[in-house]
Amino acid sequence: AIPSLVEILHTAKDQELIQICANSLMRMGSTGVTHLLELAQETDNLIRLAAITALGKRGNEVAVQDLIILLRDENPKARMAAAEALLNIRSRNATQGLIASLKLETEPVIRGIIVQALGILNEPSTSEFLIEALNDKAANVRASAILALGNKGADMIPLLATLIQDNSEVVRQSIARALGKISHP
């Protein structure tokens, strides 16, 4: 079945069909994952993005290091798909790679996804980077950092309270959500 799926993937023009094939490969165990890792290096962006997205669907630890490498890809769509995949996988093994990528990433949307992933991992080593993200120029990154810090508990209330005057509505909404979550988990 794998060769047939790969052939369909390479000949399909429809994005949905390509994603269905990639998702089917993901369900085929380690051999399917191996093919997806190869497809994530394709020159065809539709195939690459479908493969990267599929790798994040199952929480597959095997793909973590390859996805971290893709966070440095020149294509922002590939970086975004890799960040989303790592967000879905939720592997503590991704922590250092996510932190390194956060420091280098230029796209606010991707930085926001990386911050979300760090927040879900809720590792003690991420706090300083999440606090640093509170000063990001992009409101979506600040909002993601606030929600992530809200997961760290009541110790974050004084810090979050200092941000209530932020000029962004989405940031203030995130503060309210985080404070509500801390008070009533």
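In this text the structure is predicted, and so the values were computed from the model without any measurement.

Participant: Requested: an account of helix 6 (residues 76-89), with residues and values cited.
Facilitator: With 14 residues, helix 6 ought to run about 20 Å at 1.5 Å a step, and its terminal C-alpha atoms sit 20 Å apart, in line with that. Looking at the buried side of helix 6, the elements it contacts are helix 4 (45-55), helix 5 (64-70), helix 7 (95-104) and helix 8 (108-121). Where helix 6 begins, the side chain of Asn75 points an oxygen toward the backbone nitrogen of Lys77, at a separation of 2.7 Å. Directly after helix 6, the chain includes Arg90, whose backbone phi takes a positive value near 60°.

Participant: Quick one: what's the story with the packing of helix 1 (residues 2-11) against helix 3 (residues 29-39), residue by residue and with numbers?
Facilitator: Helix packing for two helices is described by the angle between their axes and how far apart those axes are. Taken N-terminus to C-terminus, the directions of helix 1 and helix 3 make an angle of 25°; their axes are 11 Å apart at the nearest point. The angle between the axes of helix 1 and helix 3 places the two elements in the roughly parallel class. In the packing of helix 1 onto helix 3, the handedness of the crossing is right-handed. Between helix 1, through Ile2, Val6, Leu9 and His10, and helix 3, the contact on the second element is made entirely by Thr31, Gly32, His35 and Leu39.

Participant: Before we move on, could you go through the nonpolar core and cite the residues and values that matter?
Facilitator: Judged by nonpolar contacts, the single largest core of 65 residues is most densely connected at Leu36, Leu67 and Leu98. Not counting the four nearest positions on each side in its chain, Leu98 is found in contact with Leu71, Leu86, Ile114, Ala117, Leu118 and Leu121.

Participant: Would you mind going over the environment of Gly153 in detail, with residue names and values included?
Facilitator: Following the sequence through the fold, Gly153 ends up in the loop between helix 10 (139-150) and helix 11 (157-161). Taking the relative accessible area as the measure of exposure, Gly153 reaches 21% and is therefore partly exposed. The sequence separation of Gly153 and Ala178 amounts to 25 residues, and the corresponding C-alpha distance is 9.2 Å.

Participant: An account of the side chain of Arg79 is requested, with residue identities and associated values reported.
Facilitator: Mapped onto the elements of the fold, Arg79 is located in helix 6. The buried category is assigned to Arg79, whose relative accessible area is 10%. A polar side-chain atom of Arg79 sits 2.9 Å from the main-chain carbonyl oxygen of Asp73. Sequence-distant contacts of Arg79, defined by excluding residues within four places in its chain, comprise Leu70, Leu71, Arg72, Asp73, Glu74, Glu105, Thr106, Glu107 and Ile110.

Participant: Pulling in residues and values, what's your account of the pattern of salt bridges?
Facilitator: Considering all chains together, one arrives at six salt bridges under this definition. Two residues, Glu105 and Arg79, come together in a salt bridge whose shortest N-O distance is 2.8 Å. A residue pair is termed long-range when its members are at least 10 positions apart, and Glu105 in the loop between helix 7 and helix 8 and Arg79 in helix 6 qualify at 26 residues. Arg142 is the partner of Asp166 in a salt bridge, and the nearest nitrogen-oxygen pair spans 3.0 Å. Here Asp166, found in the loop between helix 11 and helix 12 (169-183), pairs with Arg142, found in helix 10; they are 24 residues apart in sequence, far enough to count as distant.

Participant: Which residues make up unusual backbone geometry, and what values go with them?
Facilitator: Here Arg90, not a glycine, exhibits a phi torsion of approximately 60°, which is positive. Looking at the secondary structure, you find Arg90 in the loop between helix 6 and helix 7. The class for Arg90 is exposed, based on a relative accessible area of 53%. The backbone of Asn122 sits at a positive phi, close to 50°, despite the residue not being glycine. Assignment of secondary structure puts Asn122 in the loop between helix 8 and helix 9 (127-133).

The rules behind the values
Residues numbered from 1 in each chain as written. Predicted model: local features only at pLDDT ≥ 70, side-chain atom pairs only at ≥ 80, totals over all residues. Heavy atoms only, no water. Helix = DSSP H or I, 4+ residues; strand = E, 2+ residues; numbered from the N terminus. Expected span 1.5 Å × (residues − 1). Contact = heavy atoms within 4.5 Å. Polar contact = N/O pair within 3.5 Å; in protein donor to acceptor, adjacent residues only side chain to side chain. Axes fitted to C-alpha atoms, helices over the stretch in contact; angles between N-to-C directions. Parallel < 35°, antiparallel > 145°, perpendicular 65-115°, else oblique. Left-handed = near helix turned anticlockwise from the far one by under 90°. Core = buried A, V, L, I, M, F, W, Y, C linked by side-chain atoms within 4.5 Å. Buried < 20%, exposed > 50% of the residue type's maximum accessible area, 1.4 Å probe, protein only. Salt bridge = Lys/Arg side-chain N within 4 Å of Asp/Glu carboxyl O.

Worth remembering: the numbers are spatial, not functional.
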